[in-house]
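These are the residues of each chain, in order.
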Amino acid sequence: MNRRTYAALAMTAGAVALLAGCSLTDGPAGVVVAKAQRTPPASATRPYFLTVRTADGDRKDFQVYVEDFDRCSVGERYPRCKETHA
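Residues numbered from 1 in each chain as written. Predicted model: local features only at pLDDT ≥ 70, side-chain atom pairs only at ≥ 80, totals over all residues. Heavy atoms only, no water.

Let us now look at the nonpolar core. Membership of the largest hydrophobic core is limited to eleven residues, which are Val32, Tyr48, Leu50, Val52, Phe62, Val64, Val66, Phe69, Cys72, Tyr78 and Cys81. Counting only elements with at least two residues in this core, the list comes to strand E2 (48–53), strand E3 (59–64) and helix H2 (66–71). Take this core: its biggest share by element is three residues, from E2. Excluding residues that lie within four positions of it along the chain, Val64 makes contacts with Leu24, Tyr48, Leu50, Phe69 and Tyr78. (Core = buried A, V, L, I, M, F, W, Y, C linked by side-chain atoms within 4.5 Å. Buried < 20%, exposed > 50% of the residue type's maximum accessible area, 1.4 Å probe, protein only. Helix = DSSP H or I, 4+ residues; strand = E, 2+ residues; numbered from the N terminus. Contact = heavy atoms within 4.5 Å.)

Attention now moves to the packing of aromatic side chains. Scanning the entire structure with this criterion turns up two aromatic pairs. On the basis of an interplanar angle of 55 degrees and a centroid distance of 4.8 Å, the ring pair of Tyr48 and Phe69 is categorised as tilted. On the criterion of sequence distance, the pair formed by Tyr48 in strand E2 and Phe69 in helix H2 is long-range, its members being 21 residues apart. Each member of the pair, Tyr48 together with Phe69, is buried. (Phe/Tyr/Trp six-rings, centres within 6.5 Å; stacked < 30°, edge-to-face > 60°.)

Right, let's talk about the environment of Phe49 for a bit. Topologically, Phe49 is positioned in strand E2. By relative accessible area, which is 17% here, Phe49 ends up buried. As for Phe49 and Phe69, which are separated by 20 residues in sequence, their C-alpha atoms are 7.2 Å apart.

This paragraph deals with the pairing of E3. Residues in a regular strand point their side chains to alternate faces of the sheet. Direction of pairing for E2 relative to E3: antiparallel, over a ladder of six bridges. Its bridge partner lying in E3, Tyr48 is registered against Val64. As consecutive antiparallel partners, E2 and E3 are separated by five residues, and within that stretch Gly57 has a phi angle of approximately 90 degrees, a positive value. (Pairing = 2+ DSSP bridges.)

Time to look at the side chain of Thr51. Examined against the element boundaries, Thr51 turns out to sit in strand E2. Owing to a relative accessible area of 7%, Thr51 belongs among the buried residues under this scheme. Within polar-contact distance, the side chain of Thr51 engages the side chain of Asp61 at 2.3 Å. With near-sequence residues (within four places) excluded, Thr51 lies in contact with Val31, Val32, Val33, Ala34, Arg59, Lys60 and Asp61. (Polar contact = N/O pair within 3.5 Å; in protein donor to acceptor, adjacent residues only side chain to side chain.)

As structure tokens, this is what we get:
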């Protein structure tokens, strides 16, 4: 097995293990002020992030599932947006 094939298999196995054992926690409540897709190219498995402004004025970035990313628009309240558009 060449190095390239081995590296591809190792990355695939790592990604599968990460996805199988990983669940994202909810971010803090607040108003969505930004949305970021931090890893091109587009795919359902890349990380998606929301930024909210909390009640005390802090900005918080956190990772969300692609479904929640799609459901929550800038200006909406999180986590309500992910629940009402289900």
